[in-house]
Amino acid sequence: MKSNLKGFCASLIDPKFAPTGLKVALVVGSILFVINHGNALLKGQIGRDRLISALLTYCVPYMVNIHGQYISQVRQKS
């Protein structure tokens, strides 16, 4: 379990996983951003708290995609 967590953390910056993760984060994160923060953006109500939330809106799809790629690689090796 501990080695899987270390492997996953290392895979977050792995050059073979990152391009796909970034593309997914950009597309899915943008859709989620518009759904969750679009109204506030249009009204000019993007404060510090909402900005942090918006950044997480992009981080989560990236991490989920990297996790999927990492698990797929681990399963192929075993």
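Along each chain, the written sequence defines residue order, and numbers are assigned to residues from 1. Per-residue local features are limited, in this predicted model, to residues with pLDDT of at least 70; the limit for side-chain atom pairs, both in listing and counting, is 80 or more; totals at the level of whole chains, interfaces and linings are taken over all residues. Note that the side-chain values use all heavy atoms of the structure and ignore hydrogens as well as water.

(A) Inspection of a nonpolar patch on the surface at higher detail. A contiguous nonpolar surface patch, about 550 Å² in accessible area, is contributed by Leu26, Val27, Val28, Ile31, Leu32 and Ile35. Where helices and strands are cited, they refer to DSSP runs of H or I of at least four residues and of E of at least two residues respectively, numbered from the N terminus. Mapped onto the secondary structure, leucine 26 falls in helix H2 (residues 18-43). Exposed residues in this analysis have more than 50% of their type's maximum accessible area, buried residues have under 20%, and partly exposed residues fall in between, with area computed by a 1.4 Å probe over protein chains only. By relative accessible area, which is 56% here, leucine 26 ends up exposed. Two distance rules govern patches: like charges are joined within 9 Å, and nonpolar side chains (Val, Leu, Ile, Met, Phe, Trp, Tyr) within 5 Å, applied only to residues with over 30% relative accessible area and no salt bridge. Only the protein chains shown count as cover for residues, and the accessible areas themselves come from Shrake-Rupley with a 1.4 Å probe. We define a salt bridge as a side-chain nitrogen of Lys or Arg found within 4 Å of a carboxyl oxygen belonging to Asp or Glu.

(B) The arrangement of the packing of H2 against helix H3 (residues 48-77) in detail. Note on geometry: axes are lines fitted to C-alpha atoms, helical ones only across the stretch in contact, with angles between N-to-C directions running from 0 to 180 degrees. Interhelical geometry of H2 versus H3 gives an angle of 145° and a closest axis separation of 8 Å. Of the two possible hands of crossing, H2 and H3 adopt the one that is right-handed. The residue inventory of the contact of H2 with H3, partitioned by class, reads 14 nonpolar, 10 polar and 1 charged. Should the near helix be turned anticlockwise from the far one by less than a right angle, the crossing is termed left-handed; should it be turned clockwise, right-handed. The nonpolar class holds Ala, Val, Leu, Ile, Met, Phe, Trp, Tyr, Cys and Pro. Asp, Glu, Lys and Arg form the charged class, and all remaining residues, Gly among them, are polar.

(C) Quick look at the packing of aromatic side chains. Centre distance within 6.5 Å is the pairing criterion for rings of Phe, Tyr and Trp, where only the six-membered ring of Trp is used; planes under 30 degrees apart are then read as stacked, over 60 as edge-to-face, and the remainder as tilted. Using the criterion set out here, one finds 1 aromatic pair in the structure. Seen in terms of ring centroids, phenylalanine 33 and tyrosine 58 are 6.4 Å apart; in terms of plane orientation they differ by 35°. Their pairing is tilted. Note that phenylalanine 33 is positioned in helix H2 and tyrosine 58 in helix H3, a separation of 25 residues in sequence. With relative accessibility at 16%, the residue phenylalanine 33 sits in the buried group.

(D) Region of the structure containing the environment of valine 24. By the secondary structure assignment, valine 24 is in helix H2. With 37 residues separating them along the chain, valine 24 and proline 61 place their C-alpha atoms 6.6 Å apart.

(E) Molecular detail of the environment of leucine 12. Looking at the secondary structure, you find leucine 12 in the loop between helix H1 (2-11) and H2. A sequence separation of 28 residues divides leucine 12 from alanine 40, and the C-alpha atoms of the two residues are 30 Å apart. Beyond its immediate sequence surroundings of up to four residues, leucine 12 is in contact with Tyr62, Met63 and Ile66. Working rule for contacts: check all heavy atoms of both residues, and any pair within 4.5 Å makes them a contact.

(F) Just the nonpolar core, in detail. With 8 residues, the main nonpolar core is built from Phe8, Leu12, Phe17, Ala18, Ala25, Tyr62, Ile66 and Tyr70. Broken down by secondary-structure element, the contributors of at least two residues to this core are H2 and H3. In this text, buried Ala, Val, Leu, Ile, Met, Phe, Trp, Tyr and Cys residues form a nonpolar core when linked through side-chain atoms within 4.5 Å.

(G) Summary view of H3. Expected helix span is given by 1.5 Å per residue-to-residue step, counting one fewer step than there are residues. The end-to-end C-alpha separation of H3 is 43 Å, in line with the 44 Å expected for 30 residues at 1.5 Å each. All buried positions along H3 are accounted for by Ala54, Thr57, Pro61, Tyr62, Asn65, Ile66, Gln69, Tyr70 and Gln73.

(H) Spatial organisation of the confidence of the model for the chain. What pLDDT conveys is the predictor's confidence in a given residue, as a value from 0 to 100. Averaged over the chain, the pLDDT score is 93; the fraction of residues at 70 or greater is 97%. Looking at the elements of the chain, mean pLDDT is at its lowest for H1, recorded as 88, and at its highest for H2, recorded as 96.

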